[in-house]
Amino acid sequence: MAAPGGTEALKLNLEAGWQSEAAATVVALRRLQGSAGTARLSAQGRMRQAAAGAPWQLDTKATLDNLDLRPWWSGPADAPLRRLPSQLAARVDAAMTLPAAGPGGDLLAWLARLEGRADVGIPPSRLADVPLQGAASLRGTSAGLQAALDAQVDGNAARAQGLLARNPQADHWEATVDAPALQRLNPLAALLPAPAPAATTSKGQAGDKPAAKKTAQAGAKAGAAKAAASAPVRPLAVAGAAKANFTLDGRWPALRSQGQASADGLSLPTLRLRSGQARWRLATVGDAPLELNLQLADVALADSGQWQRVPAVDVRLDGTTRAHRLALQGEAAAQPPEWTDLLQPPPPGAAGTRTRFALEAQGGLIQSGSGALPATLAGWQGRITRVDVRRAGAADALLQAADVELAFRMAEGSRPASLNVQPGRATVLGAGVQWSAVRWQAGAGGAPAQLDAAVNLEPLAVAPLLSRLQPDMGWQGDLEISGRAVVRTAPTLQADVLVERRRGDLSLAAGGSRRAMGLSALQLSLRANGNQWNAGAGVAGQQIGVLSAGASARTAPGEVWPSAATPVQGNVELRVADLGVWDPWLPVGWRLAGTVDARARVGGRLGAPEVAGTLLGNQLGVTNFVEGVRVRDGEMRVALDGEQVRIERFVLRAGDGTAQLQGGARLGEQPGVDVALVLDRFQALGRVDRRVDVSGRAQARLQGKDLSLRGGFKVDRGLIDLGRSSAPALSDDVVVVDDPAMARKPAPGTGQPQTPMKMDLDLRVDLGSDLRVRGKGINTLLAGELRVTAPNDQVAVVGTVRTVGGVFDAYGAKLDITRGLVTFTGPVANPTLDIEALRTDLDEVRVGVGVTGSAQNPRVALVSTPALSDIDKLSWLTLGKASTDLAGDQTALLQRAALALLAGNKGSSGPGLAQRLGLDAFSVSRGASGGLSDAVVGVGKQLSERFYVGYRQSLDATGGGFDLVYKIAQRFTLRLLTGETTGVDLVWTWRWD
């Protein structure tokens, strides 16, 4: 025979026998000898029963020397027991009398009746290269079984001795552990079952969870769990130091113990502890004193692949078994479920990432037994004087209760375990909860557990909760809800849960005013009677309409709670009297109108319900007066049949036209949308300065992340007036503090990664023959056709928009637009420009303005035929004659035109030349002759609040002059002039009404 590793040959020599001598039975192992390499094994023994039903006599001796486990260990090749050498030795010498009857259901009582002796010794040996030695002994006496243990493993020692008495109350044990170097036991840790590996943070500890990173941590936790499940099993590791000594008297449930223990830097596969101390004196019977002091610092437990940290725990118990006090307090590096943040926002900062807990109680142990029977532990009864669970640094508690009386009884005989809680009150997430007596009884003998409880929800204000859920919606009001829950499970299940409106109403901010919902009813109910379950919901309000829903389900025989396979049937009805109440959910300026009715039947199974019904809408409307959107008289009829949604009629009206939506959608595991939008002279914009009527058809299909949008539209009629002002808006450099719209925008890089949508876009837009643009001096028709696509999921436009006729008024002259082309070749924001507007009422020349380049880099120039100088182009353009033929007043007009070209006017959308040069003043004034020859050009700059500097230059002179102005005081100003005339002025100003 060979070892599993195939490197050692095993030799065995066995001689055994069984015989019956008269009434006696003898089983003998006369000789067992084995060898493998240097390892040697020898054993002999005998078991004898003098007669049927008599005790068994056991005598045996065995020795083992020089055993190396490497060839025999079938674990991984890198396991310590396969990789490191071992040299084990053992000695066994036993002469025991075993009771005739087997242990039955009480093994300890059977062991206490053993007689004789047994000794097991391990001489100095090595296991996975770890030195160890030890001895254990058993001595069976009339009092019971005495046991002793002495083990030493590489500097770590454990000693224990005691008596397993035939009288359970006489049991006595003493033990001492001194393990200053647990890390030396690492090779032996491979003998323990391997738990799931726990993930650590970058610092190798259980990480705190900042509230700002919850979403990322949820994904990280799932990823860590997945990685832990697939990660290879690593060798287990232990480290740290531990010491303990204690005594234990009696046997469960009548126990007494006292001792102390400490640990530092403890690290086990599923537990980490920076430091801990414990001292105790405990008992479960009599009126013995109780004392417990436990302090733990930085505890971490492995749970589902993550380390759950408890930075501090302090437990104190004092008194006696019949009257004692318990105090527990600590802090956990964990948070309540994320949904609780909406009901009770965590405090800012890292403090909110920890949860503090405290428990105080007083009471006594319940003991059974009387007369000659010894007392045993039967339960506990008392009062929880204080429970407080809250986020660190928070003013409000997550859970808070006081003076809760309860009694817990352990199972005894045929009586199952039970818990009775007297009437009390608690605060949960800010809501008051009251309960009458609560009774629970564990299941026994195949019967299910029993519960009898009644809980009431105190009046709770709803508006503060909604304002935390949706802080930008402007929820207000005095609506209060209350509720109750009554559950009884015996003899049959009876349940009655109800949440309803107690009083008050809710209001929303809409359009700068507040709109009340006019709530008259709000109810949610759930009832159960045996295997029949009924649920209902109802909302009624003067402004929001009526919603009612009801469903029933019948569980299968033997089922207490409905399952996914439970059949369900019900009805849902919805009527919204005024859709305008939902205006706050829309962007600013948008309004809804109309009524909505929905009726549906619910069937199928609870896990896969089937819905069939209709959705009706009348007088539907959407308005935005600023943008000129006025959709009215809408009609809607949508049919729902299981997973299929079919649009039977959907019509909206605007202007003299209509918009129709046709098609439907598919719900379920693979949802999809296939709808067509049909426009017939539909007024998309109806503002005074923006009117556009559109006709056409587009087909939209959505399947998963694939969107297809194809079709074409034509502008039937349109007017865009550029002279009208746009809606008022704040300047780009104005920041609104606490703007809800800005608060909803996620910071860059903090949102969840979004899967990009694949877009198949092909829309054609025909501008038609009646799209007019006017204002800013322009009056023309636009024509052309554009094609909108999305190559590489980027919107692109191809096509040309051209002017048809039209004029352009500038500087008192009417220019005919002879050519106007705006060509799109892809990017929407940067088309190519080719525009020319000429003055055609002149016989001598043709002069005007030309614009070329692109929208982002336009080039504007004066053009003429024949070619003229810029001053003559400007003169012909503005005055209709050459500059040499101008009179004095016409020269002034030409100067103003030049000034407008250079400096820009206040109505322009961009800065003029003066602003671009950083000047505060730019002027052109006539000279003494009234012509251009001696005109004066001036520039100036306000250097500070008191100091101004200017320069002027005459066109017919080689020199110029400076103006320096300094404001000395509120009424005194000093002015210095240089040039042809030099002087100093001191000006005193006096103003009166």
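Residues numbered from 1 in each chain as written. Predicted model: local features only at pLDDT ≥ 70, side-chain atom pairs only at ≥ 80, totals over all residues. Heavy atoms only, no water.

Draft legend 1. Summary view of the pattern of salt bridges. One pass over the structure, following the stated rule, counts 43 salt bridges. With a closest N to O distance of 3.5 Å, R527 and D496 form a salt bridge. Of this pair, R527 sits in strand β31 (residues 519–529) while D496 sits in strand β28 (residues 494–503), and the two are 31 residues apart along the sequence. Note on R527: relative accessible area 38%, which makes it partly exposed. As a salt-bridge pair, D762 and R710 come within 3.5 Å of each other at their nearest N and O atoms. Within this pair, whereas D762 is found in strand β43 (residues 758–766), its partner R710 is found in strand β42 (residues 706–721), the two being separated by 52 residues in sequence. If you follow the salt bridges from partner to partner, you end up with D93, R117, D119 and R139 in one network. (Salt bridge = Lys/Arg side-chain N within 4 Å of Asp/Glu carboxyl O. Helix = DSSP H or I, 4+ residues; strand = E, 2+ residues; numbered from the N terminus. Buried < 20%, exposed > 50% of the residue type's maximum accessible area, 1.4 Å probe, protein only.)

Draft legend 2. Representation of the confidence of the model for the protein in the model. Confidence along the protein averages 81 in pLDDT terms, with 82% of residues attaining 70 or more. Low pLDDT, under 50, characterises residues 197–235; the predicted model gives this stretch 43 contacts beyond four residues in sequence or across chains. Predicted confidence is poor over residues 903–910, with pLDDT under 50, and the contacts of this stretch with residues over four places away or in other chains come to seven contacts. (pLDDT = per-residue confidence, 0-100. Contact = heavy atoms within 4.5 Å.)

Draft legend 3. Highlighting the pairing of strand β11 (residues 239–251). Bridge count between strand β10 (residues 172–179) and β11: eight bridges; the pairing is antiparallel. Following the sheet pairing, A175 is matched in β11 by F246. With twelve bridges connecting them, β11 and strand β12 (residues 254–268) associate as antiparallel partners. Pairing of L248 across the sheet is with S257, part of β12. The turn joining β11 and β12, which pair antiparallel and follow one another in sequence, is formed by two residues. (Pairing = 2+ DSSP bridges.)

Draft legend 4. A nonpolar patch on the surface, seen in detail. Together, L943, F947, Y966, I968, F972, L974, L976, V984, L986 and W988 make up an exposed nonpolar region whose accessible area comes to about 950 Å². For the nonpolar patch, the secondary structure elements donating two or more residues are β55 (972–977) and β56 (983–988). Looking at the element boundaries, Y966 is found in strand β54 (residues 960–967). (Patch = residues over 30% accessible without salt bridge, like charges linked within 9 Å, V, L, I, M, F, W, Y side chains within 5 Å. Areas by Shrake-Rupley, 256 points an atom, 1.4 Å probe, with all protein chains shown as cover.)

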